Structure formats: C-alpha cells, structure tokens
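# Structure at a glance
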Amino acid sequence: MRTIRDFDLDKKRVLCRFDYNVPLDENLDIVDDRRIRASIPTISYALDHGAIIIIISHLGRPKGAVVPRLSLAPVANRLSELLGREVTMLPDCVGEDVGLFIETLKPGSVTMLENLRFHREETNNEDDFARELAGYADVYINDAFGNAHRSHASNVAILRHVKERGIGLLVEKELNYFETVLKNPARPFVAVVGGAKVSDKLGAIENLVGRVDKMIIGGGMAFTFLKAMGHEVGNSLLEEDLVELARRGIASARERGVKMYFPVDCVIAQAIDHAAVTKIVPVQEIPKGWMGLDIGPATSLLFKSALSDAKTVVWNGPMGVFEVDPFSRGTYAMVNAIADLHALTIIGGGDTDVAVHHAGKTESMTFISTGGGASLWLLEGKRLPSIVALED
Ligand code: AMP
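Residues numbered from 1 in each chain as written. Predicted model: local features only at pLDDT ≥ 70, side-chain atom pairs only at ≥ 80, totals over all residues. Heavy atoms only, no water.

## Overview of the site of the ligand
Neighbouring residues of the ligand: 15 residues in total, closest Ala 196, Lys 201, Gly 292, Glu 323 and Asp 351. Separating a nitrogen atom of the ligand from a backbone N or O atom of Gly 220 is a distance of 3.1 Å. A distance of 2.4 Å is found between an oxygen atom of the ligand and a side-chain nitrogen or oxygen belonging to Glu 323. Considered on its own, the ligand offers 500 Å² of accessible surface; in the complex 80% of this is hidden by protein. (Near = heavy atom within 4 Å. Polar contact = N/O pair within 3.5 Å; in protein donor to acceptor, adjacent residues only side chain to side chain. Areas by Shrake-Rupley, 256 points an atom, 1.4 Å probe, with all protein chains shown as cover.)

In structure tokens, the structure reads:
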C-alpha cells in the first residue's frame, strides 16, 4: 500500500481525509484535541514537500443537515494554532464556489472544507458527491483512522475517482502497531478487555483468545462471565443470552492454554451516583438489588500481578464506571499497572484512552489509538473497508 511518502507532492493539491470528530463543550471549545494533533505529522510532511493542502473531515452526526454547532471552524482555529500558520475555512465542502476557490490555492496553503456530513451523500457513500471531492485532488490521502471502518463517500466512493491515492502517517502507524501485536507479539501477550457489554466485544475476545497468552476481563462485561461461573450478580450488567457463550469461551481458552483472569471482588452500589453508598464485596457475595460498578482492590492486585511479566499488552474498555468517582479506582489502577510495564502497550481508542489521558499517563504508553471502533475491528481480525478499497 502506498503512503504519502511515495508521491511527488511538489505543487500538488493534496486532499487529506482526517478524522476531526473531536468533543466540543457548550461554548464550542474543543475538550480534547488529540485527533487534531495526530494529523500534524502528515500535514507537516506535505507542507515540507511543497504541497497545497485541502482537508476534509466530519464532525458529529448532523445527518445531512447544516448544524451550525457542528461546524469544523473551531477545529480549523485549533489546527492553525498548532501549525503556526493560517488555515482557511470554507463554508461548504462541495459546490461551484468551493471548486473555484481551490483553483486559486498556492503551495504552502492549508484549507479546511466544512463538515462532510452536512451532506447526506457522505454517509450514503454516493458517487457524484465523491467525484466532486475527488476533483479537488492531485493526490488523495486517507489519514482518518477513526472513520476507517466506515464506507463513506470521502473514504470509499472517492477511490473510484482519484488516481493517486495512499494513506497518511497516522493510519500507517495505527495499522503497523495493530499488525505487530496481532501477528508478531513479543510474549507473554496479555489482552485486557473491559467496558459495558460482552456483545460489543465478543468478536475481539474470540479473535484475541486465539493469539494471547493471558486474557484479563473486567468492566460490566465481566458479570456475564461471572454468571457463567455460577455466581449471582445482583443487578449488575448481565447479558443472559450470552452466558452460555461465555461458558464455552472460558472452556475454549482453557483448552488452548490461555489463562483467563476475572474479578474476585467488586465495588457495589444500588445506584450509579457520586453520592451512592458503596461496599466492596467478594464476587460470590453480591446482594440482590446491588450492582457491581468497578473491580475491587484485590482484583486490581490480581490483574497487576497477571500483567507483571507481559511483553505486549492490548487494552480496550474500562474496568468500571470510571466516569463516576467512586467507581473509577479500578480503571485508574489498571492505567498505572500498564503504564509501569516495560512492554509494548497499545491502548484501544474510545473510553480507555480518556482514562489514560486523565491520569496523565499518555506518555507512558507505547501507542494510544485514535479510533475506538476502527481498532475494535482490527482486534476482531477484520480488515478495514476503506483500507481494503484503497489497496484495490
Ligand atoms: P465500552 O464503550 O464498551 O468500552 O464501555 C464503556 C462504558 O462501560 C463506560 O462508559 C463505563 O461506564 C461502562 N462500564 C464499565 N464497567 C461497568 C459496570 N460494571 N457497570 C456498568 N457500566 C460499566
């Protein structure tokens, strides 16, 4: 697959698809700009090689309507600060005026087109819309890892209309890290899987069981496994219909010689609330009417010790409801345990990276993915549709 390094970019219009879907607060301030920062290497590379840069991205889910609070203007401002140069924001991503403006651009300029998803054609993967976007580009670069598992006009249909196309430096890095851990991990290789539901991560768990030496399961999903092991889980998150599958999963891991680790104690409460009364109990003793909302201290120690000899770690999903203080300790203990390792540590996107960021441990991890959904696809052993299409 070609990367941005394989093209002559001098005086070329380089159309870069990034994933600038960043969280904004009610004042339209960017709460977390890591996806913008992650695009800087590709932009800097292109600028250093004489390119004219045109950026396309989506933000939020405007569902085909112009939603002013989902304008990419705050992103353009932030990008301009980070690059230390002007970023021109256009009021739309298609239309005659946009095309005419793009004709006038000079090397060294950076232009951001307005939110692609203001047009329904984007998520519908429509060809005419894609052709119009493609018309802006001498070279098309897909560097939107967070959106790479989606087949949209700006990352799939567009490929029918651009001759010169490749991936950017972020997508290259993401794919390389996941390929390394999935195909050639230094061992012991430990997967840590948490989050709300087994059903969301079933594919990843099944694929990882075939590759890892140890698997640690925490978060809400652990209760379906605990139920499969014969425990009563009170009002904890439970997917009844998956209990049998969980039981078979445990048996199949045992047959393969994969060691599985489950919570031995948990923090329980009757409500997900800052002020809720909490108790720490062994998983055998969750009373009726109470829910397990975090792993307990004994479990944190157990998981830390299971990780201690790891040479490769992949982590996706928090150990508890870490957004609510009384239920956050287990997730932060996991952040610290992984941060202290001398190992290749890969953090799946989404919630897990938020916890790492809040704990101030970003620099202690080898790599933090910028795409929750896309990284889960890779962990499931699937190939990303927009990348497959780009190779074809
Ligand atoms: P996911 O997107 O599947 O990784 O799930 C993340 C969400 O799982 C977070 O918002 C957590 O609050 C939630 N979560 C983690 N542990 C639990 C639990 N024990 N009970 C309920 N929700 C949980």
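## Points about the sheet that holds strand S10 (residues 265–269)
Pairing in this open sheet of three strands is antiparallel, and the strands run S11-S10-S12 from one edge to the other. Bordering the open sheet on either side are strand S11 (279–282) and strand S12 (291–295), each of which pairs with just one other strand. On average, adjacent strands in this sheet sit at an angle of 45° to one another, irrespective of strand direction. Pairing of S10 with S11 involves four bridges; the strand directions are antiparallel. Looking across to S11, one finds that Cys 266 is bridged to Val 281. (Pairing = 2+ DSSP bridges. Helix = DSSP H or I, 4+ residues; strand = E, 2+ residues; numbered from the N terminus. Axes fitted to C-alpha atoms, helices over the stretch in contact; angles between N-to-C directions.)

## What to know about the domain arrangement of the chain
Along its sequence, the chain is organised into domain 1 (4–172) and domain 2 (185–379). Relative to domain 2, the C-alpha centre of domain 1 lies at a distance of 35 Å. The interface of domain 1 with domain 2 comprises eight residues on the first partner and twelve residues on the second. Between domain 1 and domain 2, roughly 830 Å² of surface is buried when both sides are summed, and carbon and sulfur atoms account for 63% of that area. Contact with domain 2 buries surface across domain 1, with Arg 34, Phe 145 and His 149 losing the most and accounting together for 70% of the total. Counting the contacts that link domain 1 with domain 2 gives one salt bridge. Between Asp 353 and Arg 34 there is a salt bridge, with the nearest N and O atoms lying 3.0 Å from each other. Taken together, domain 1 and domain 2 are joined by two residue pairs in polar contact (both at pLDDT 80 or more). Its residues placed into classes, the side of domain 1 that touches domain 2 shows three nonpolar, two polar and three charged. (Domains from an automatic or database assignment. Contact = heavy atoms within 4.5 Å. Buried area = accessible area lost by both parts, 1.4 Å probe. Salt bridge = Lys/Arg side-chain N within 4 Å of Asp/Glu carboxyl O. Nonpolar A, V, L, I, M, F, W, Y, C, P; charged D, E, K, R; others polar.)

## Notes on the pairing of strand S2 (residues 52–56)
With five of five residues buried, S2 is to be regarded as a mostly interior element. Taking every second residue as pointing to the same face, both faces of S2 are buried, with Ile 52, Ile 54 and Ile 56 on one and Ile 53 and Ile 55 on the other. Pairing of strand S1 (residues 13–17) with S2 involves five bridges; the strand directions are parallel. In the strand pairing of S2, Arg 13 is matched with Ile 52. One ladder, built from three bridges, connects S2 with strand S4 (residues 110–112); its direction is parallel. Bridge pairing in S4 links Ile 53 to Val 110. (Buried < 20%, exposed > 50% of the residue type's maximum accessible area, 1.4 Å probe, protein only.)

## Some details on the sheet that holds strand S5 (residues 139–142)
Strand pairing in a sheet takes place through backbone hydrogen bonds and is either antiparallel or parallel in direction. In spatial order, the strands read S3-S4-S2-S1-S5-S6; together these six strands make up an open sheet with parallel pairing. Each edge of the sheet is formed by a strand with only one pairing partner; in this case those strands are strand S3 (87–89) and strand S6 (165–167). Across this sheet, the average inter-strand angle for adjacent strands is 25°, counted without regard to direction. Pairing geometry for S5 and S6, over three bridges, is parallel. Each residue of the ladder has a partner; that of Tyr 140, found in S6, is Arg 165. The sheet contacts of helix H3 (residues 73–83) involve S2, S3 and S4, and relative to S3 the element is tilted by about 170°.

## Comments concerning the nonpolar core
Ranked by internal contacts, the top residues of the largest apolar core, which has 74 residues, are Leu 113, Tyr 136, Ile 158, Leu 208, Met 215 and Ile 217. With near-sequence residues (within four places) excluded, Leu 208 lies in contact with Leu 182, Phe 189, Ala 191, Val 193, Met 215 and Leu 379. (Core = buried A, V, L, I, M, F, W, Y, C linked by side-chain atoms within 4.5 Å.)

## Here's the deal with the pattern of salt bridges
All told, the structure shown has 24 salt bridges when counted by the stated rule. The shortest N-O distance in the salt bridge between Arg 248 and Glu 244 comes to 3.9 Å. Separated by four residues within a single helix, Arg 248 and Glu 244 lie in helix H10 (residues 243–256), roughly one turn from each other. Accessibility expressed as a relative area gives 38% for Glu 244, which makes it partly exposed. A salt bridge links Arg 329 to Asp 325, with the shortest nitrogen-to-oxygen separation between them at 3.8 Å.

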